[in-house]
Amino acid sequence: TLADETETLRLDTTYTFSDEDDLVRWRAGDFISGGTAWSRPVRLGGVQVQRAFSMQPNLVKSPLPAVSGSAAVPTAVDVYINGVKSFSKDVAAGPYQIDNIPAVTGAGVAQVVTRDASGRETVQSVSFYNSPQLLKPGLLDFSMETGFSRAFYGIESNAYSDDIVASGTLRAGINDWLTGEVHGEVGEKLLNGGAGVVARVFDRAVVSAALSGSSSDEGSGAQLYGSFETKIGPVSINGRSQHALGDYEDIASLTARENPIRPDFVGILGISTGLFSYAPPRAIDSVTLSTPLTFDKATVSATYMRYEADDDDPTEIVTATYSRPILERASLLATGYVDLNESNNSGFYLGVSMSLDGNVSVSSGLSGRDGDDGAQISASKPVEQKPG
């Protein structure tokens, strides 16, 4: 096989400089381009500058609930999130406002309990929906990169395109309920750009919408994108729809055509030739429902996805997943899928993962697909971002 002919394989070589004052990270070498939920990232060799909120872990990026009121006398204010006390503060007589109430991700209810010196108590309830997709007002997230697209990552060490490409992404918090997004790409005979919004609706859900267009030597086209997330009782619901119109192209399809996949790579990469296409997907529609079980510590979810590649019949797949913590540091994951149009195209995965001391994690699993069964076991420890 090709792997037997290769003694060593280079993956990523990158120089990184982190500016902690401005929360900006610079990279030179190999990296993955930034983007949005409605764009496709690519591997590049070049230079990149990105906002890096992770350098300040205590920074709250998404807008948090706020409550206001008026106290006739000095008053103690307690805030409960979904029945759990999370904040307490003494306020003076007069109007007051409490910003940035700690909140969980998703839907919830904040109860504000005020209690004066005489013991008189009042309760105010505020519904909220908190999502990491939203940015606080005035907060900017960005990624800009340029370089040469990388081909056959994990198979060849130094395969790059001859043509340079560039992309840029900007996300900005406009107000507590609205975030704006823009994304653009430039390459050899390619111009792609789009804009979108992420909005919180009635403190019950978050919806996203975006429109992008492209012009290339393949022609002109557009892409429509929409998504939503909400929670009804214990059930979380997520949906997504993305459709390409005309001859829509992006950097991912451009670089794939510049580096067409070789037949001997198909088996190594595990690519289904029936699903593989250089063009962006013509359609992706999916909906996921997940919920924790009331009688157990487990969480179950189910996903329906419809995928349509260029000039191919659509593929419809249903996936079910069961996850549960076991023992003190271990968790169990079981998942299975079936293709509704090809009943013989199905598979499963059953695995156990465990965290150990020293930031080490181990996992093992069994998988099966069309009679091709396998097993794996692994241990890993990430390289920490500190001297030594």
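Residues numbered from 1 in each chain as written. Predicted model: local features only at pLDDT ≥ 70, side-chain atom pairs only at ≥ 80, totals over all residues. Heavy atoms only, no water.

**Regarding the environment of lysine 381**
Turning to step 1, where the next piece is worked out: Mapped onto the secondary structure, lysine 381 falls in the segment after β23 (372-380).
Turning to step 2, where the next piece is worked out: For the pair lysine 381 and phenylalanine 152, spaced 229 residues apart in sequence, the C-alpha to C-alpha distance is 26 Å.
Turning to step 3, where the next piece is worked out: If we ignore the near neighbours within four places in the chain, the residues touching lysine 381 are Gly358, Asn359 and Val360. (Helix = DSSP H or I, 4+ residues; strand = E, 2+ residues; numbered from the N terminus. Contact = heavy atoms within 4.5 Å.)

**Here we look at the nonpolar core**
As a rule of thumb, soluble globular proteins bury nonpolar side chains together.
Turning to step 1, where the next piece is worked out: Grouped together as the largest cluster of nonpolar side chains are 13 residues, with contacts concentrated most on Val67, Val77, Val79, Ile81, Tyr96, Ile98 and Ile101.
Turning to step 2, where the next piece is worked out: If you list the elements that add at least two residues to this core, you get β4 (67-71), β5 (75-81), β7 (94-98), β8 (106-116) and β9 (121-130).
Turning to step 3, where the next piece is worked out: Sequence-distant contacts of valine 67, that is, excluding residues within four places in its chain, are made with Tyr96, Gln97, Ile98, Ile101, Val112 and Val126.
Turning to step 4, where the next piece is worked out: Among the nonpolar cores identified, the runner-up in size contains eight residues, and Phe31, Leu44, Ile251 and Leu254 belong to it. (Core = buried A, V, L, I, M, F, W, Y, C linked by side-chain atoms within 4.5 Å. Buried < 20%, exposed > 50% of the residue type's maximum accessible area, 1.4 Å probe, protein only.)

**As for the sheet that holds β9**
Turning to step 1, where the next piece is worked out: In space, the four strands of this open sheet follow the order β6-β5-β8-β9, with antiparallel pairing throughout. A strand with exactly one partner marks an edge of an open sheet, and here the two such strands are β6 (84-91) and β9. Ignoring which end each strand starts from, the neighbouring axes of this sheet average 20° apart.
Turning to step 2, where the next piece is worked out: Judged from the ten bridges that link them, β8 and β9 form a sheet pairing that is antiparallel. Following the sheet pairing, glycine 106 is matched in β9 by asparagine 130. (Pairing = 2+ DSSP bridges. Axes fitted to C-alpha atoms, helices over the stretch in contact; angles between N-to-C directions.)

**Some points on the packing of aromatic side chains**
Turning to step 1, where the next piece is worked out: Under the defined criterion, the tally for this structure stands at zero aromatic pairs.
Turning to step 2, where the next piece is worked out: Directly above the ring of tyrosine 153 sits arginine 43, whose terminal nitrogen or CZ lies 3.6 Å from the centroid. (Phe/Tyr/Trp six-rings, centres within 6.5 Å; stacked < 30°, edge-to-face > 60°. Lys NZ or Arg CZ within 6 Å of the ring centre and 35° of its normal.)

**Comments concerning the pattern of salt bridges**
Opposite charge on two side chains permits pairing when their charged atoms draw close.
Turning to step 1, where the next piece is worked out: Taken as a whole and assessed by the stated rule, the structure comprises eleven salt bridges.
Turning to step 2, where the next piece is worked out: Among the salt bridges present, the one from arginine 324 reaches aspartate 296, with a minimum N-O distance of 2.9 Å. Taken as a pair, arginine 324 in strand β19 (residues 315-326) and aspartate 296 in the loop between β17 (283-292) and β18 (299-308) lie far apart in primary sequence, 28 residues in all.
Turning to step 3, where the next piece is worked out: Two residues, arginine 329 and aspartate 357, come together in a salt bridge whose shortest N-O distance is 2.8 Å. Highlighted residues: arginine 329 in the loop between β19 and β20 (330-339) and aspartate 357 in the loop between β21 (346-356) and β22 (360-369), separated in sequence by 28 residues.
Turning to step 4, where the next piece is worked out: According to the relative accessible area criterion, aspartate 357 is exposed, its value standing at 60%.
Turning to step 5, where the next piece is worked out: If you follow the salt bridges from partner to partner, you end up with Arg10, Asp12, Asp30, Arg43 and Arg150 in one network. (Salt bridge = Lys/Arg side-chain N within 4 Å of Asp/Glu carboxyl O.)

**Examining a negative patch on the surface**
Turning to step 1, where the next piece is worked out: Together, Glu188, Asp217, Glu218 and Asp247 line one region of the surface with negative charge.
Turning to step 2, where the next piece is worked out: Mapped onto the secondary structure, aspartate 217 falls in the loop between β14 (205-216) and β15 (219-232).
Turning to step 3, where the next piece is worked out: A residue is classified by how much of its surface remains accessible, and aspartate 217, at 55% relative accessible area, is exposed. (Patch = residues over 30% accessible without salt bridge, like charges linked within 9 Å, V, L, I, M, F, W, Y side chains within 5 Å. Areas by Shrake-Rupley, 256 points an atom, 1.4 Å probe, with all protein chains shown as cover. Lys, Arg positive; Asp, Glu negative; His and termini not counted. Charge placed at Lys NZ, Arg CZ, Asp CG, Glu CD.)

**Here we look at unusual backbone geometry**
Most peptide bonds take the trans form, and the phi angle of most residues other than glycine is negative.
Turning to step 1, where the next piece is worked out: Unusually for a residue other than glycine, leucine 23 sits at a positive phi of about 55°.
Turning to step 2, where the next piece is worked out: Mapped onto the elements, leucine 23 comes out in the loop between β1 (14-19) and β2 (24-32).
Turning to step 3, where the next piece is worked out: A residue is classified by how much of its surface remains accessible, and leucine 23, at 9% relative accessible area, is buried.
Turning to step 4, where the next piece is worked out: Of note in the backbone geometry, lysine 189 takes a positive phi value of approximately 60° without being a glycine.
Turning to step 5, where the next piece is worked out: Residue position: lysine 189 is located in the loop between β12 (178-187) and β13 (190-201).

**Quick notes on the side chain of asparagine 192**
Turning to step 1, where the next piece is worked out: With respect to the helices, strands and loops of the structure, asparagine 192 is situated in strand β13.
Turning to step 2, where the next piece is worked out: Here asparagine 192 falls in the buried class, since its relative accessible area comes to 5%.

**What to know about the pairing of β1**
Turning to step 1, where the next piece is worked out: Pairing between β1 and β2: six bridges, direction antiparallel. Bridge pairing in β2 places serine 18 opposite arginine 25.
Turning to step 2, where the next piece is worked out: Between β1 and the antiparallel strand that follows it, β2, lie four residues; leucine 23 among them carries a positive phi value of about 55°.

**Quick notes on a nonpolar patch on the surface**
Turning to step 1, where the next piece is worked out: Residues Tyr15, Phe17 and Trp26 make up a contiguous nonpolar surface patch of roughly 390 Å² in combined accessible area.
Turning to step 2, where the next piece is worked out: Topologically, tryptophan 26 is positioned in strand β2.

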